[in-house]
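Spelled out, the chains give:
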2 protein chains.
Amino acid sequence: MTTIHEVAKAAGVSISTVSYALSGKRPVSEKTRQRIEDAVTALGYQPDAGARMLAGRRTHIFALTEPLRADTHAPTHMAFVLATAIAARRRGYDILLLTDEQASEGMNRVAASRLVDAILVLDVAPDDERVAIARAVSTPTVFIGVPEDHNQLMCVDMDFAAVGDLAVDRLADAGYNRMMLLGQTEVSYRRSNFPRRLLHAAQDRAAERGIDLDWVTTGEIATDTAVVHSAVENALDRGHRAFIVHAVDDTHEVLLSVLAERGLAVGTDVSVISAAASFDTTALAVKLDTIPLVPQRSCELAVDLAVRQLDGERLVPEIHLLPPEYLPFGSVASSPLDSSDVRAERPAPTAD
Amino acid sequence: MTTIHEVAKAAGVSISTVSYALSGKRPVSEKTRQRIEDAVTALGYQPDAGARMLAGRRTHIFALTEPLRADTHAPTHMAFVLATAIAARRRGYDILLLTDEQASEGMNRVAASRLVDAILVLDVAPDDERVAIARAVSTPTVFIGVPEDHNQLMCVDMDFAAVGDLAVDRLADAGYNRMMLLGQTEVSYRRSNFPRRLLHAAQDRAAERGIDLDWVTTGEIATDTAVVHSAVENALDRGHRAFIVHAVDDTHEVLLSVLAERGLAVGTDVSVISAAASFDTTALAVKLDTIPLVPQRSCELAVDLAVRQLDGERLVPEIHLLPPEYLPFGSVASSPLDSSDVRAERPAPTAD
DNA sequence: TTGAAAGCGATACCAT
DNA sequence: ATGGTATCGCTTTCAA
């Protein structure tokens, strides 16, 4: 193992100069800094992590807690983990995984042992037990998601309410007076609150504008293809021609396939908006107007907030809601038929 | 922060006694060890991670490298990550995530800085670049998967060849002389070698026993439901009545739904074996005979091998293949019709 | 602009 | 069975 002493000797300077040259915390003449850098690369020097943690006040590690429940949607979750890891590395931090069933134990342990500089919390539940721990430990903690009781907590999340408003507004502006929200699984409305935030905002906005908004979930636990299929059939039979989809990719696919079966053209006969999807909707059979949920944005902000706190910035604990962005792809009809007309011209067959 | 000094003072002993009492590396009288433990819990003492890493020769951290390519099947991957994390924690180790596009950089860094005690390699490709690095660094490395060039490498994996043999044997023993292997996606046969290991073993065994084995992949990149659907239809039309499924859950579901549509009863009219599935097949509509791929087994063994190396055991670098286990659920018919009979009694309609 | 040296908080060797 | 202390490799204050 190469130590800082060997680098110092090779460069003909003291170890403190090497340390400062590498950290940049003290000016070092261009000449010596060059010699030091040469020595570093020549010897393949890499500061000892343990020594750095002990002497410095930084471990350069973030903990990432993720309960990984059985109902977690793996692809979405992976996207967040990956985005966090990449954002952290860019700032010089590694990610330590805390997947314990009892995330509490892990959080306390890494905080008490000073293993990590900050804690990032993923997959936040409304009544998350990690809230109490975050308050108890002195390690800076950032939630990616918003628990019910978020007083004095630092949180980052998409503004799901704004997503709901935006989606309803677009369809309403296009002339629809009724629309269908294809939501998440039943369990996700219980275990998280972001689906509710979108739903309630959409319902309120619809009520304000005198719009008839229907809502269905996409299965009990996991997304149930059959449930989605019949829900869509049913909605079409009842005259629905405008859809807001807040769901996983499978649900999008089922919706599009039913529309295709019926010969309904998206952007002409029916309108569809994908709301808060974290996958690439442009890979679908039909491109959809999308209000994307970009994990990178949330995760980068979370990492940034953590780093800034470590750098001494005195940030107020608050919720950071990322404003939604609307990506048009022509899936909303410009001047649709009114749904009552639709109903008139096409008598609803019995479902099934 | 509570230090070992405070614990020592509270317990009225020296710091070395505290250290030994906690590590158990030296006998300590029951009386004093009790006082020390009391002090530890009273003060909520947790040894400083950095100090431990520097003074001891253990960081109590394992690195887990996972390239996370776009075609990675998220649920399967998550199962492995989770299993590894749990196995490691049980042995007192945390998991540091290395998800870099260039896993090389991360591996070199954590090895050189002595951030981790060992490296676990996930999602192994046939020509994995991490093989070279594993050979270069002195940090013990265990592959979960088997690269093409595994000379001098420590690897753990399911014995996929044995899985293939076993599946073919069961169906052959049941009297089938032709069978269909529903395989993985095309890309997985290129990016990994475990699908090939199963396939080739099955083909060889089939050839030995004079059995007609067909094989199809389940889509180009991601599993394509339509592709699977027509492949199964086609196979049935050609008289196939025995299936080996080496694929994700979606593929199982499509197969079962086609069989149901046709009114073919699993275990009577047709036989199905699920081979090397890492999800819970008992949750399917029909219970299937399964040769499961249990991530826990591979991951626990990998962790165990890493720990034993750290404990000084001089293990020879070799491949550890886990023998398959056959879980019967009655999905293989006991005395099936010969496929030629089947063909005779049911003229094959043209597909589609 | 640079160097010397005092910690950081454990582990583990050498004594007693 | 227990205590004293050198040591790990770095960061950072204090001096020059």
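None of the values given here were measured: they were computed from a predicted structure.

**Describing the sheet that holds strand 9 (residues 271–275) of chain B**
Residue and element names in this part refer to chain B.
Right, on to step 1. Strand order in this open sheet of five strands is 7-6-8-9-10, and the pairing throughout is parallel. A single partner strand is all that each edge strand has here, and the edge strands are strand 7 (212–216) and strand 10 (289–291). Across the sheet, the axes of successive neighbouring strands diverge by a mean angle of 20 degrees, strand direction being ignored.
Right, on to step 2. By the bridge criterion, three bridges tie strand 6 (residues 178–182) to strand 8 (residues 242–245) in an arrangement that is parallel. Each bridged residue has a counterpart across the sheet, and for L182 the counterpart in strand 8 is V245.

**So, the protein's contact with DNA strand D**
Right, on to step 1. Neighbouring residues of DNA strand D: 28 residues in total, closest I4, S19, Y20 and Y45 of chain A together with R26 of chain B.
Right, on to step 2. Across the atoms of DNA strand D situated within 4 Å of the protein, the share located in sugar and phosphate is 53%.
Right, on to step 3. The side chain of S19 of chain A places a nitrogen or oxygen atom 2.7 Å from a phosphate oxygen of DNA strand D.
Right, on to step 4. Backbone polar atom of A55 of chain B to a base oxygen of DNA strand D: 3.4 Å apart, as the coordinates give it.
Right, on to step 5. Contributions of two or more residues to the surface near DNA strand D are made by helix 2 (15–23) and helix 4 (49–55) of chain A together with helix 2 (15–23) and helix 4 (49–55) of chain B.
Right, on to step 6. Looking at the surface near DNA strand D, the element that brings in the most residues is helix 2 of chain A, giving four residues.
Right, on to step 7. Among the residues forming the surface near DNA strand D, the class breakdown is 13 nonpolar, 10 polar and five charged.

**Digging into the UniProt feature "domain: HTH lacI-type" (unreviewed entry) in chain A**
Right, on to step 1. In the numbering used here, UniProt assigns the feature "domain: HTH lacI-type" (unreviewed entry) to residues 2–56 of chain A.
Right, on to step 2. Spanning residues 2–56 of chain A, this segment combines 69% helix with 0% strand, and its end C-alpha atoms are found 19 Å apart.

Thresholds, definitions, all that
Residues numbered from 1 in each chain as written. Chains lettered and ligands numbered in written order. Predicted model: local features only at pLDDT ≥ 70, side-chain atom pairs only at ≥ 80, totals over all residues. Heavy atoms only, no water. Pairing = 2+ DSSP bridges. Helix = DSSP H or I, 4+ residues; strand = E, 2+ residues; numbered from the N terminus. Axes fitted to C-alpha atoms, helices over the stretch in contact; angles between N-to-C directions. Near = heavy atom within 4 Å. Polar contact = N/O pair within 3.5 Å; in protein donor to acceptor, adjacent residues only side chain to side chain. Nonpolar A, V, L, I, M, F, W, Y, C, P; charged D, E, K, R; others polar. UniProt positions renumbered as here; feature names shortened; annotations may be inferred.

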